[in-house]
Amino acid sequence: MAMCPACDHQVRTPSFLNLDGWKHLRCPYCKARLEMKPPRSFLLGALIAPLFVLARQGQLFEIIAFVFLFATIFLVLLESSYPKLRLRKRPQAKPAVWLKFNNPLR
Ligand SMILES: [Zn+2]
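Residues numbered from 1 in each chain as written. Predicted model: local features only at pLDDT ≥ 70, side-chain atom pairs only at ≥ 80, totals over all residues. Heavy atoms only, no water.

Observations concerning the coordination of the zinc ion
Line of reasoning, step 1. Coordination sphere of the zinc ion, protein contribution only: Cys4 (SG), Cys7 (SG), Cys27 (SG) and Cys30 (SG), at 2.2 to 2.3 Å.
Line of reasoning, step 2. One chain supplies every donor to the zinc ion, and in sequence these donors are spaced C-x2-C-x19-C-x2-C. Taken together, the positions of Cys7 in the loop between β1 (2–3) and β2 (10–11) and Cys30 in the loop between α1 (19–23) and β3 (34–36) put the pair 23 residues apart, joining distant regions of the chain.
Line of reasoning, step 3. Among the residues examined, Cys30 registers a relative accessible area of 33% and is labelled partly exposed. (Donors = N, O, S within 2.8 Å, 3.2 Å for Na, K, Ca; no water. Helix = DSSP H or I, 4+ residues; strand = E, 2+ residues; numbered from the N terminus. Buried < 20%, exposed > 50% of the residue type's maximum accessible area, 1.4 Å probe, protein only.)

Description of the packing of aromatic side chains
Line of reasoning, step 1. Taken as a whole, this structure holds 2 aromatic pairs when the rule is applied.
Line of reasoning, step 2. Summarising the aromatic geometry, the rings of Phe52 and Phe66 are spaced 5.1 Å apart at their centres and angled 85° between planes, so their arrangement reads as edge-to-face. Taken together, the residues span a long stretch of sequence, with Phe52 in helix α2 (residues 48–54) and Phe66 in helix α3 (residues 59–81) at a distance of 14 residues.
Line of reasoning, step 3. A ring pair is formed by Phe66 and Phe70, whose centres lie 6.3 Å apart and whose planes are at 25°; its orientation type is stacked. On the criterion of helical spacing, the pair formed by Phe66 and Phe70 is a turn pair, its members being 4 residues apart in helix α3.
Line of reasoning, step 4. Given a relative accessible area of 52%, Phe70 falls into the exposed group.
Line of reasoning, step 5. Taken together through their ring pairs, the aromatic side chains of Phe52, Phe66 and Phe70 make up a single cluster. (Phe/Tyr/Trp six-rings, centres within 6.5 Å; stacked < 30°, edge-to-face > 60°.)

Overview of the pattern of salt bridges
Line of reasoning, step 1. Inspection of the entire model under this criterion finds 3 salt bridges.
Line of reasoning, step 2. Between Glu35 and Arg86 there is a salt bridge, with the nearest N and O atoms lying 3.0 Å from each other. In this pair, Glu35 is assigned in strand β3 and Arg86 in strand β4 (residues 85–87), connecting sequence segments 51 residues apart.
Line of reasoning, step 3. With a shortest N-O distance of 3.8 Å, Arg88 and Glu35 are connected by a salt bridge. In this pair, Arg88 is assigned in the segment after β4 and Glu35 in strand β3, connecting sequence segments 53 residues apart.
Line of reasoning, step 4. Residue Glu35 is classed as buried on the basis of its relative accessible area of 11%.
Line of reasoning, step 5. In this structure, a network of salt bridges that share partners links the residues Glu35, Arg86 and Arg88. (Salt bridge = Lys/Arg side-chain N within 4 Å of Asp/Glu carboxyl O.)

What follows is the structure in structure tokens.
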């Protein structure tokens, strides 16, 4: 469950792995199209590689690098299971090709 930013009602959100569910997510009360705010803890991921380079300098740095790695993974999973919502601003994708069928019933 997450809060709709438009009408402040609780909205049932799909699992973070269910991409199709997120693509079509709408608030059932105000019909606003919603999307997940990207988890901020992804930004910590950029520091993992430099920390593991630093970890070659000694065991203390190695421990710090591993603790940081597991803390980052934990924070990403935690933020993904309690997602925050924002209004989707991009227009819905239009199909590149339209199929025209001759309707025999007309
Ligand atoms: Zn709403």
